[in-house]
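# Structural features, examined
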Amino acid sequence: MAGSGGLALRTLPGQGWVRGSSPAVLSRLRDAAVVRPGFLSAAEEETLSRELEPHLRRRRYEYDHWDAAIHGFRETEKSRWSEASRAILQRVREAAFDPGQALLPRVHVLDLEPRGYIKPHVDSVKFCGATIAGLSLLSPSVMRLVHTQEPADWLELLLEPGSLYILRGSARYDFSHEILRDEDSFFGERRIPRGRRISVICRSPPEETGPGEPGQPPAAC
């Protein structure tokens, strides 16, 4: 895995945002775990960061999440956005979700401090549906996915600031995912120093509920 010196395999020749344990894993998750680097311009990233900062500043970083999945975080859910941010989120909808697909009405915003991290977990089907799409702000990070039954099968995503990641289908249900802590933050042999990271996450609703139902504890993505 990261930092192991093992074979680094990529889905797209010459574009180093995805590594996998084998060609079979890369093929299986080609459309299920997607990274779109440079999805946001620097100005768009600044627009989102500036809008979120007053909301996040009112909260303290926490070290005990309700399901023990996150360390060193603060979070919120947001349903009202500026016109500029709504346009960005509409682009996320168009890039990651099927036309007409319902989304949860509140966007999950997760702020990790530089020492914060997300432990391996599979998001509960009670709280979000088959597709999760997240924008990464401020700091690069590495997301690692590991098959829940075959831990030798893994995938790593390099999430640079301004990138969009999409998890759906098998990547959503059959693989755990985590954000590596700073001391473990490698992408192959490349050190990826961690700083403060904000993720802006759009989610489809659980299959048994509709988009307008009361909120549940958010997924840790």
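### Structural notes on the environment of tryptophan 154
Within the secondary structure, tryptophan 154 sits in strand 7 (residues 154–159). With 128 residues separating them along the chain, tryptophan 154 and leucine 26 place their C-alpha atoms 8.9 Å apart.

### Some words on helix 3 (residues 83–96)
Residue pairs spaced three or four apart in an α-helix point in one direction, given the helix's 3.6 residues per turn. With 14 residues, helix 3 extends 20 Å from end C-alpha to end C-alpha; this agrees with the ideal 20 Å at 1.5 Å per step. Inspection of helix 3 places Ser85, Ile88, Leu89, Val92 and Ala96 among the buried residues, and these make up the whole buried set. For helix 3, the angular spread of the buried residues around the axis is 95°, confining them to a single face. More than 90 degrees from the buried face of helix 3, the exposed residues found are Glu83 and Glu94. Those residues of helix 3 hidden inside the fold are in contact with helix 2 (42–57), strand 4 (107–121), strand 5 (131–137), strand 8 (164–168) and strand 12 (197–203).

### Focus: the packing of aromatic side chains
One pass over the structure, following the stated rule, counts zero aromatic pairs. The positively charged end of arginine 181 is found above the aromatic ring belonging to tyrosine 117, 3.9 Å away from the centroid. In this structure, arginine 191 is placed above the aromatic ring of phenylalanine 186, and the distance from its NZ or CZ to the ring centre is 5.7 Å.

### As for the nonpolar core
In terms of nonpolar packing, the biggest core is built from 27 residues, with Leu29, Ala33, Met143, Leu145, Leu155, Leu157 and Leu167 touching the most fellow members. Looking at this core, the elements that each hand over two or more residues are helix 1 (23–28), strand 2 (33–36), strand 3 (70–78), strand 4, strand 6 (141–147), strand 7, strand 8 and strand 9 (175–179). Excluding residues that lie within four positions of it along the chain, leucine 29 makes contacts with Leu155, Ser170, Ala171 and Phe175. In this structure, Leu48, Leu56, Ile166 and Val200 belong to the second largest nonpolar core, which totals 23 residues.

Cut-off values and rules
- Counting from 1, residues in each chain are numbered in the order their sequence is written.
- Owing to the predicted nature of the model, reporting of local features is limited to residues with pLDDT of at least 70; listing and counting of side-chain atom pairs is limited to 80 or more, with chain, interface and lining totals taken over all residues.
- Processing note: side-chain calculations cover all non-hydrogen atoms of the structure and skip hydrogens and water entirely.
- Helix numbering and strand numbering both begin at the N terminus, where a helix is a DSSP run of H or I of at least 4 residues and a strand a DSSP run of E of at least 2.
- A helix is expected to span 1.5 Å for every residue after the first.
- Relative accessible area decides the class of each residue, using a 1.4 Å probe on protein chains only: under 20% of the type maximum gives buried, over 50% gives exposed, and in between gives partly exposed.
- When we speak of the arc, we mean the arc of directions from the helix axis to the C-beta atoms.
- Contact between two residues is taken to exist if any of their heavy atoms lie within 4.5 Å; hydrogens are not considered.
- Any pair of Phe, Tyr and Trp rings, taking the six-membered ring for Trp, is counted once the centres come within 6.5 Å. Such a pair is stacked with planes under 30 degrees apart, edge-to-face with planes over 60 apart, and tilted for the rest.
- Charge-over-ring contacts are defined here by two conditions on Lys NZ or Arg CZ: a distance within 6 Å of the ring centre and an angle within 35 degrees of the ring normal.
- In plain words, nonpolar cores are sets of buried Ala, Val, Leu, Ile, Met, Phe, Trp, Tyr and Cys residues tied together by side-chain atoms within 4.5 Å.

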